[in-house]
Amino acid sequence: MDENGNLRKGERTRNRLKEAALKLFAENGLENVSIRDIQLAAGQKKNGSITYHFSSRDALIRELVQDVGKILDAGNNQRLDALEANGGPRSVRDVTEIMIPSLPDSSDMSSKQQTYGLRFFTSVMLSRRDLLFEATAGQDRGTRRCFEAIRSLAPDMPPEILRQRMMLTLMFGLSAGASMEAAAKDQDVWKHLWGQASARSNLADTMAGIILAPISDETRTILKS
């Protein structure tokens, strides 16, 4: 920023590139967006804008992941802090309700982050899991706290199964959150799901059900083999 608190030209360009990339990645998926697509959407005529400001396409994705991941982790920690202050969590469902991802309206966030952040984050989770874990290293304290609470509240089961179920719960919650985000833009398409008052509460029930479902005889047989 300059002495008046205004963003310098390079910072403005950098932010435009990030916002254009976030929207394109969220709507089209990582593999369907090129550097040229991002530069054109950001109004940049120079072909080297991405490499100048971020060194590479992956570096740009990594920074966007860090931006969104930091907000999601802060939300998990805040909700869990509030629950613990009231003597909780008392059930697995208490924890899964916390794990429903959301990007709150905030002056600290860009409008693009609020509109496209979850869909972008989910796209990275599905297609670049390696990059996601690398970029969010040290930014997953909230998730780890939630997992620890689930371990203390879940029925006794083989650690392998519980670990899988916690990961499935996380993935399912992020994917559902992404569809809720999309519903805010296209409410008619999602009116029979997120347009219904019971949907969010039922999502927490369903996520808890992933953890609490009985282990089938088939799965137990595989565990013993």
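Nothing here was measured: the structure is a model prediction, and the numbers come from that model.

Structural notes on unusual backbone geometry
Then, in step 1: Each neighbour pair has its own omega, and for Gly 88 with Pro 89 the value is -5°, a cis peptide bond.
Then, in step 2: For Pro 89, the location among the structural elements is in the loop between helix H4 (57-85) and helix H5 (92-99).
Then, in step 3: Even without glycine at this site, Ser 55 takes up a positive phi of about 75°.
Then, in step 4: By the element assignment, Ser 55 lies in the loop between helix H3 (49-54) and H4.

Re the nonpolar core
Then, in step 1: One finds Phe 25, Ile 38, Ile 61, Val 65, Phe 120 and Val 124 to be the most contacted residues of the largest nonpolar core, which totals 31 residues.
Then, in step 2: If you list the elements that add at least two residues to this core, you get helix H1 (9-28), H3, H4, helix H6 (111-127) and helix H7 (129-135).
Then, in step 3: Ignoring any residue separated from it by four or fewer positions in sequence, one finds Ile 61 in contact with Phe 25, Leu 30, Phe 120, Val 124 and Leu 131.
Then, in step 4: If you look at the next biggest cluster of nonpolar residues, it comprises 26 residues, including Phe 147, Ala 149, Ala 176 and Leu 203.

Observations concerning the packing of H5 against helix H10 (residues 199-212)
Then, in step 1: It is the contact of H5 with H10, at a shortest axis distance of 8 Å, that shows an interaxial angle of 125°. Relative to H10, H5 is oriented oblique. Relative to H10, H5 is oriented so that their crossing is right-handed. On H10, the residues touching Val 92, Arg 93, Thr 96, Glu 97 and Met 99 of H5 are Ser 201, Ala 204, Asp 205, Met 207, Ala 208, Ile 211 and Leu 212.

Each value, and the rule that gives it
- Residues numbered from 1 in each chain as written.
- Predicted model: local features only at pLDDT ≥ 70, side-chain atom pairs only at ≥ 80, totals over all residues.
- Heavy atoms only, no water.
- Helix = DSSP H or I, 4+ residues; strand = E, 2+ residues; numbered from the N terminus.
- Core = buried A, V, L, I, M, F, W, Y, C linked by side-chain atoms within 4.5 Å.
- Buried < 20%, exposed > 50% of the residue type's maximum accessible area, 1.4 Å probe, protein only.
- Contact = heavy atoms within 4.5 Å.
- Axes fitted to C-alpha atoms, helices over the stretch in contact; angles between N-to-C directions.
- Parallel < 35°, antiparallel > 145°, perpendicular 65-115°, else oblique.
- Left-handed = near helix turned anticlockwise from the far one by under 90°.

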